[in-house]
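A closer look at the structure
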Amino acid sequence: MPIFLLGVDTEGIGIGDRLSWVWHSNAYQNIIVIACLVAAGWLLRYAARQEHWRNAARQIRGNRLAMVCLFILLGYLLIGVLDSIQWRDPLIRQTDQVLTRNEDGAVVYKPRSLSLLDRLCTPLRERTEKTYSAPLATRLYAKTNVQTADGRTIRDYPPLEHPRTHLLGTDKVGSDVFYRALKGVRTGLIIGGFTTLIAVPFAMLFGVIAGYFGGWVDDAVQYIYATLASIPSILLIVAFMLLFGQGLFNLCLIMGISSWTGLCRILRGETLKLRELEYIQAAEAFGVRRGLIILKHIIPNLMHIVLITAILRFSGLVLTEALLSYLQIGVDPTTGSWGNMINTARLELARDPIVWWNLAAAFAFMFGLVLPANLFGDAVRDALDPRLRTE
């Protein structure tokens, strides 16, 4: 008799069975989402313990524009989280509405898992049309043979099966464009968040040790990031993706490895200044270990630079993913992505009449994420900069 450690659902299926399949089928993406959430939670916990961070938070709360941008970003984050919670439904026989089981008695599941966002957007996902339709239209965007009441066949724009339900229209296969744009939110957040999570440790490690120890260590680190920065990042990304294949994890990995050099330069310069301060010199004179000095005094004084740079770079990473997917070297074509939508719209702009809403939807969603991220990043910078702080 099977034991269900996590219990069973309303259909008598073990919850662990559903979750285990989702984990194995989306392992990389699940790891990325969990890593981003853990890192965000750690940063919030760290900031809550620091007085100057609490003062900065109070100043940001007094900035109405920053708070509006924060709520918009939280809305995008909510969509991304909803799209990350997914499970697979069991296969039910249509004849007698009974669960399908294999020879061993295990439940057979459908081949595709659906996220919580997919289930909430079921009307958008299932109400498809034959082909293109403009936003909030009542008829298709292409002429077809239509049978009139008197039996004649004419060329006309046939009515939609679900009129005025497609807010941003439909694509070539009749799928809702608004739903496709929502599916691109998770990809944009993962690209921006996980790539930053990869790049920041590299930048902090090499920047701090180069600035603090100096000498041959500094020379070696400078040689490494100068060599890496001299290689065009787009060529490095293209070579990596062609060698290891397309995929969200591969794209995050190579973008993170190739984008840490700029922050490393900044942290190295700041560390060079910090190590000459009197309290750092005093700690060294009293025999405090260098590793402890770095952890207790150097890194905490660099965290505001790391946070500001990460927030401002986030928007650039989202745009880079869109560009790479447009060039067909980004994420897999089956993955929801604004870059894939732009790539599809490239050919649609050449048809007559022009199908513009695919491009407009991708642009609107990217603009809605990138602009609030930049404005909120500016507010964080102003709150943390001692010269601009208004406590």
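The coordinates are above.
Heads up: these notes are all about the structure in this document. (Residues numbered from 1 in each chain as written. Predicted model: local features only at pLDDT ≥ 70, side-chain atom pairs only at ≥ 80, totals over all residues. Heavy atoms only, no water.)

**Looking at the overall build of the chain**
Where we set the bar: Counting from the N terminus, the helices are the DSSP runs of H or I reaching at least four residues and the strands are the DSSP runs of E reaching at least two. Where accessible areas are quoted, they stem from the Shrake-Rupley method and a 1.4 Å probe; at the residue level, only the protein chains shown are allowed to cover.
Counting its secondary structure elements, the chain contains 16 helices and four strands. Of the roughly 21500 Å² that the chain leaves accessible, carbon and sulfur atoms contribute 64%.

**Observations concerning the layout of surface pockets**
Keep this limit in mind: Computed over the protein atoms alone on a 1 Å grid, cavities are sets of points where a 1.4 Å probe fits but cannot get out and pockets are open sets with protein on both sides within 12 Å along at least five of seven lines; a residue lines them when it has an atom within 4 Å of a point. Grid points are joined across faces, edges and corners, and a volume is the space filled by probe spheres set on the points. Under the convention adopted here, Pro, Cys and the residues Ala, Val, Leu, Ile, Met, Phe, Trp and Tyr are nonpolar, Asp, Glu, Lys and Arg are charged, and Gly plus all remaining residues are polar.
The computed volume of the largest pocket comes to approximately 1900 Å³. Taken together, 50 residues line the largest pocket, and the ones lying closest to its centre are Ala40, Leu43, Leu44, Leu307 and Ile311. Those elements that place two or more of their residues in the lining of the largest pocket are helix H2 (27-48), helix H3 (51-61), helix H4 (64-84), helix H7 (177-213), helix H14 (303-326) and helix H16 (357-384). The element best represented in the lining of the largest pocket is H2, accounting for 11 residues. A class-by-class count of the residues in the lining of the largest pocket yields 42 nonpolar, five polar and three charged.

**Considerations on the environment of valine 200**
Applicable threshold: By definition in these notes, contact holds between two residues if any of their heavy atoms fall within 4.5 Å.
Within the secondary structure layout, valine 200 lies in helix H7. C-alpha separation for the pair valine 200 and alanine 310, spaced 110 residues apart in sequence, amounts to 7.8 Å. Setting aside residues up to four positions removed in sequence, valine 200 forms contacts with Leu263 and Val306.

**Some thoughts on unusual backbone geometry**
Spelled out, the test is: Only protein chains enter the area calculation, which uses a 1.4 Å probe; residues under 20% of their type maximum are buried, those over 50% are exposed, and those in between are partly exposed.
Positioned with a positive phi, leucine 136 is a non-glycine residue whose angle comes to about 55°. Counting through the fold element by element, leucine 136 comes out in the loop between helix H6 (122-126) and strand E3 (144-147). Assessed through its relative accessible area of 43%, leucine 136 is described here as partly exposed. Phi at arginine 164 takes a positive value of approximately 60°, unusual for a residue other than glycine.

**A look at the nonpolar core**
In plain terms, the rule: We define the nonpolar core as a collection of buried residues of types Ala, Val, Leu, Ile, Met, Phe, Trp, Tyr and Cys that are connected through side-chain atoms lying within 4.5 Å of one another.
Counting residues in hydrophobic clusters, the biggest one holds 69 residues, and the most contacted among them are Trp260, Leu267, Ile298, Trp338, Leu369 and Phe376. The element contributing the most residues to this core is H7, with 14 residues. When sequence neighbours within four positions are dropped, the list of residues in contact with tryptophan 338 reads Tyr76, Ala181, Gly184, Val185, Val318, Ala362, Phe365, Met366 and Leu369. The next biggest cluster of nonpolar side chains, apart from the first, holds 18 residues, and it includes Ile198, Leu251, Ile329 and Val331.

**Comments concerning the packing of H7 against helix H13 (residues 290-298)**
Pairs of packed helices are described in terms of their axes, by the angle between the two and the distance that separates them. Formally: Note on geometry: axes are lines fitted to C-alpha atoms, helical ones only across the stretch in contact, with angles between N-to-C directions running from 0 to 180 degrees. Each helix crossing is assigned a hand: it is left-handed if the near helix lies turned anticlockwise from the far helix by less than a right angle, otherwise right-handed if that turn is clockwise.
In contact at an axis separation of 12 Å, H7 and H13 are set at 115° when each is read in the N-to-C sense. Every pair of crossing elements has a handedness; the one defined by H7 and H13 is right-handed. For the pair H7 and H13, the contacting residues are Val208, Tyr212 and Phe213 in the first and Arg290, Ile293, Ile294 and Ile298 in the second. Split into classes, the residues belonging to the contact of H7 with H13 amount to six nonpolar, no polar and one charged.

**Focus on the packing of aromatic side chains**
Quick reminder of the rule: We call Phe, Tyr and Trp rings a pair once their centres come within 6.5 Å, taking the six-membered ring for Trp, and we label the pair stacked below 30 degrees between planes, edge-to-face above 60, and tilted otherwise.
Across all of its chains, the model carries 10 aromatic pairs by this definition. Here the aromatic cluster, defined as three or more aromatic residues joined through ring pairs, consists of Tyr141, Trp356 and Trp357.

**Section: the side chain of serine 258**
Our working rule: Nitrogen and oxygen atoms within 3.5 Å of one another constitute a polar contact, given that in protein one can donate a hydrogen and the other can accept it, and given that sequence-neighbouring residues count only through two side-chain atoms.
Among the structural elements, serine 258 can be located in the loop between helix H10 (248-257) and helix H11 (261-274). At 3.4 Å, the side chain of serine 258 forms a polar contact with the backbone oxygen of methionine 255. In this structure serine 258 touches Leu228, Leu236 and Ile237, once residues within four positions along its chain are discounted.

**What to know about helix H15 (residues 338-348)**
Among the 11 residues in H15, eight count as buried, and that is most of the element. All buried positions along H15 are accounted for by Trp338, Gly339, Asn340, Met341, Ile342, Asn343, Ala345 and Glu348. Here H15 starts with a cap whose side-chain oxygen sits 3.1 Å from the backbone nitrogen of glycine 339, and that cap is serine 337.

**So, empty space enclosed by the protein**
Empty space left among the atoms is revealed by rolling a probe the size of a water molecule over them. Scanning the model with the defined rule gives one cavity of 30 Å³ or more in all. Estimates place the volume of the largest cavity at around 50 Å³. Along its surface, the largest cavity is lined by Thr196, Ala199, Val200, Leu263, Thr309, Ala310 and Arg313. When contributions to the lining of the largest cavity are tallied by element, the ones reaching two or more residues are H7 and H14. Grouping the constituent residues of the lining of the largest cavity by class yields four nonpolar, two polar and one charged.

**Quick word on the pattern of salt bridges**
Defined as follows: By definition here, a salt bridge exists when the distance from a side-chain nitrogen of Lys or Arg to a carboxyl oxygen of Asp or Glu is within 4 Å.
For the coordinates displayed, the defined rule picks out six salt bridges. For aspartate 83, the salt bridge identified is with lysine 183, shortest N-O distance 2.8 Å. With aspartate 83 in helix H4 and lysine 183 in helix H7, the pair connects residues that are 100 residues apart, well separated along the chain. The pair aspartate 83 / lysine 183 is uniform in exposure class, with both members buried. A salt bridge links arginine 180 to aspartate 171; its shortest N-O distance comes to 3.2 Å. Members of the salt-bridge network, linked through shared partners, are Asp83, Asp118 and Lys183.

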